[in-house]
Amino acid sequence: MKHICIIGAGVIGSATAMALAREGFQVTLVDAADRPGQGASRANGAQLSYSYVEPLATPAALRALPGWLLSRDSPLSWQPRWQLSHWRWLAAFIRACTQARVQQTTEALLRLSFLSRDVLARWQREAPTERPLGVQVRQAGKLVIHRDAGKRDAAQRQVAWQARFGCRQRVLDADACRRQEPALAHDRAPIAFGVWTPDEAVTDAQQLSHALAEASGARWRMDTRVVGFVQRDGRVHALRCTDAGGAEREIEADAFVVSAGPGAAALLKPLGVPLPIEPIKGYSISLQIANAARAPQVSVTDAARKLVYARLGERVRIAGFAELRGADLRIDPRRIEAMLQAATDTFPGAFQTGDPEPWAGLRPATPGSRPLIGATRIGGLWLNTGHGALGLTLACGSAWLLSQLMQDRTPSIDAAPFRLQD
Ligand SMILES: Cc1cc2nc3c(=O)[nH]c(=O)nc-3n(C[C@H](O)[C@H](O)[C@H](O)COP(=O)(O)OP(=O)(O)OC[C@H]3O[C@@H](n4cnc5c(N)ncnc54)[C@H](O)[C@@H]3O)c2cc1C
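Since the model is a prediction, treat every value here as computed from it, not as a measurement.

Caption draft 1: Structural detail: the site of the ligand. In the vicinity of the ligand lie 33 residues, with D31, S41, N44, G388 and T393 positioned nearest. Within the backbone of A32, one N or O atom sits 3.1 Å away from a nitrogen atom of the ligand. Compared with its free state, where it exposes 1000 Å², the ligand has 93% of that area covered by protein. Those elements that provide at least two residues to the shell around the ligand are α1 (11-22), β10 (224-232), β14 (278-289), β19 (359-365) and α10 (391-406). Residue composition of the shell around the ligand, grouped by class: 14 nonpolar, 16 polar and three charged.

Caption draft 2: Geometry of the domain arrangement of the chain. Along its sequence, the chain is organised into domain 1 (3-44 + 207-275 + 368-418) and domain 2 (54-102 + 137-201 + 278-365). Between the C-alpha centres of domain 1 and domain 2 there is a distance of 28 Å. Counting the surface lost from both domain 1 and domain 2, the interface buries some 1200 Å², and carbon and sulfur atoms represent 62% of this. In this structure, the connection of domain 1 to domain 2 is made through five residue pairs in polar contact (both at pLDDT 80 or more). Partitioning the side of domain 1 that touches domain 2 into residue classes produces four nonpolar, eight polar and two charged.

Caption draft 3: Representation of the pairing of strand β5 (residues 142-146) in the model. For β5, a buried count of five out of five residues is recorded, marking the element as mostly surrounded by other parts of the structure. The side-chain alternation of β5 yields two buried faces, one formed by K142, V144 and H146 and the other by L143 and I145. Note that β5 and strand β7 (residues 193-197) share five bridges and pair antiparallel. The residue bridging V144 from the neighbouring strand is V195, located in β7. For β5 and strand β15 (residues 299-302), the ladder comprises four bridges, and the chain directions are parallel. The residue of β15 that forms the bridge with L143 is V300.

Caption draft 4: Layout of the packing of aromatic side chains. Taken as a whole and judged by the stated rule, the model has seven aromatic pairs. Ring geometry for W89 and F93: centres 5.5 Å apart, planes at 15 degrees, overall stacked. One end of the pair, W89, and the other, F93, are both in helix α3 (residues 84-95), four residues apart, so they sit about a helical turn from each other. F93 shares its class with W89; the two are buried. Each ring, one from Y309 and one from F347, has its centre 5.1 Å from the other, and the planes form 75 degrees; the classification is edge-to-face.

Caption draft 5: View of unusual backbone geometry. One non-glycine residue with positive phi stands out, namely D223, at about 55 degrees. Residue placement: D223 occurs in the loop between β9 (219-221) and β10. Residue class for D223 comes out partly exposed when judged on its relative accessible area of 34%. The residue E357 is not glycine, and still its phi comes out positive at about 50 degrees. Within the secondary structure layout, E357 lies in the loop between β18 (351-352) and β19.

Caption draft 6: Looking closely at the nonpolar core. Counting 54 residues, the largest nonpolar core has L20, L112, W123, L133, V257, M406 and F418 as its most contacted members. Those residues within four positions of V257 in sequence are excluded, and the remaining contacts are I4, C5, I6, I7, T16, L20, W382, L383, N384, L402 and M406. Counting residues in each nonpolar core, the second largest holds 31 residues, with A295, Y309, A343 and A350 among its members.

Caption draft 7: View of the environment of D414. Considering the arrangement of structural elements, one finds D414 in the segment after α10. D414 sits in the partly exposed class, given a relative accessible area of 46%. Residues D414 and L109 lie 305 residues apart in sequence; the distance between their C-alpha atoms is 11 Å. Within the structure, the side chain of D414 is placed 3.0 Å from the backbone nitrogen of A416, a separation counted as a polar contact.

Caption draft 8: Just the state of the cysteines, in detail. Tallying each qualifying case throughout the model produces zero disulfides. C5 takes part in no disulfide bond, and the closest cysteine sulfur, belonging to C241, lies 7.0 Å away.

Caption draft 9: Looking closely at the sheet that holds strand β20 (residues 372-375). With mixed pairing, the six strands of this open sheet are ordered in space as β9-β2-β1-β13-β21-β20. Single-partner strands in this sheet number two, and they are β9 and β20. For this sheet, the mean angle separating the axes of adjacent strands, direction not counted, is 20 degrees. Strands β1 (3-7), β2 (26-30), β13 (255-258) and β21 (381-385) of the sheet are contacted by α1, whose axis makes an angle of about 170 degrees with β2.

So, how was this worked out
- Residues numbered from 1 in each chain as written.
- Predicted model: local features only at pLDDT ≥ 70, side-chain atom pairs only at ≥ 80, totals over all residues.
- Heavy atoms only, no water.
- Near = heavy atom within 4 Å.
- Polar contact = N/O pair within 3.5 Å; in protein donor to acceptor, adjacent residues only side chain to side chain.
- Areas by Shrake-Rupley, 256 points an atom, 1.4 Å probe, with all protein chains shown as cover.
- Helix = DSSP H or I, 4+ residues; strand = E, 2+ residues; numbered from the N terminus.
- Nonpolar A, V, L, I, M, F, W, Y, C, P; charged D, E, K, R; others polar.
- Domains from an automatic or database assignment.
- Buried area = accessible area lost by both parts, 1.4 Å probe.
- Buried < 20%, exposed > 50% of the residue type's maximum accessible area, 1.4 Å probe, protein only.
- Pairing = 2+ DSSP bridges.
- Phe/Tyr/Trp six-rings, centres within 6.5 Å; stacked < 30°, edge-to-face > 60°.
- Core = buried A, V, L, I, M, F, W, Y, C linked by side-chain atoms within 4.5 Å.
- Contact = heavy atoms within 4.5 Å.
- Disulfide = S-S within 2.5 Å.
- Axes fitted to C-alpha atoms, helices over the stretch in contact; angles between N-to-C directions.

Here you go:
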């Protein structure tokens, strides 16, 4: 039996462990943290956003880019850095901002997201009773509310175009939005229209990471940081690691998968494998529900404020913002204040705001929002990383696709859009 070692036990690495273990591989999961799901996957927006996969790089984003540079408080902000890799990433981002490219990427990501939905459902269904997949996935449906009536025609066109690929979506007027989510009746800002997608779901990404890592039966090597690779005859032969106490050791395997999220680019740089991944910081808060009737049941996205709301049991997770400012995890209190204000304006009386559990995470973003799934030019070294704003949504499909590629099988969907370009 082949032994595969996966670097990173976020939602992507844990899903990869599950996919490979189900195919009969012996799997080891290595992570610098003390348990799975402590990086970008920890307290994200919780959206299984299968029909909302449009890339960040669009013609509209290109027009807005100078504004992001000027304002620190806009939902998206950018601070230039003097690293060549940063400017290369930005140049590729700008090249990706064409309508043709947006459509190609959206189509490729829709295929991957639908595959993800099917694979997760299969794993839940087929989990053996002695090792169940211990996570709740709730098909809440997603309502995207728009404040600007001028955007309705474009939304209608997008819904019609996506229907060709199997998305089930409807444009609703403001009253229909409030019928779909009665808690919006108290929203202090007017709603122009909304888009309702009944198939979307929510789940806690940290719980899913943990559940997949556990259900896979993989061997865990937590508190273990990978600091380099041992190569022999042009192949990666082992990982060089340090444990929490600083002791060094090597981990040998037949093949290695890099799922190190925002840490992947730095890890592979010394091998001469440049990964076009930049960290894009986002924030979340998790609020206890004070009045259940006033809190949203369905997953709500406020398109103008670029915030998502997901009900997770007795709490609502609110997430958003995109800061292209390097790998800085400090929490800007103005972002937390803005989310609290938006939450209490949109759902007045719904939440206790005493302890908002502020969190910041780094989305591992490629310029065109396409994850990197497949081989590298170094023998035995594979990639499953760069999932940007959609890692939770795309995790299970990406893992399944990689396992097919590693076994030289015909993949379920075209893998070419996700290949690393040399
Ligand atoms: C605010 C916010 C909201 C989001 N909302 C959503 C959402 O609603 N839906 C959605 O689909 N996606 C969402 N995302 C994106 C999603 O969270 C990410 O795409 C996803 O978590 C990436 O998973 P990952 O496993 O690649 O990375 P991570 O979860 O960061 O995991 C990488 C792991 O690698 C480990 N690691 C790194 N370097 C090393 C090393 N050298 N040695 C050992 N271990 C290492 C880290 O410790 C970490 O555990 C959101 C992201 C943010 C920030």
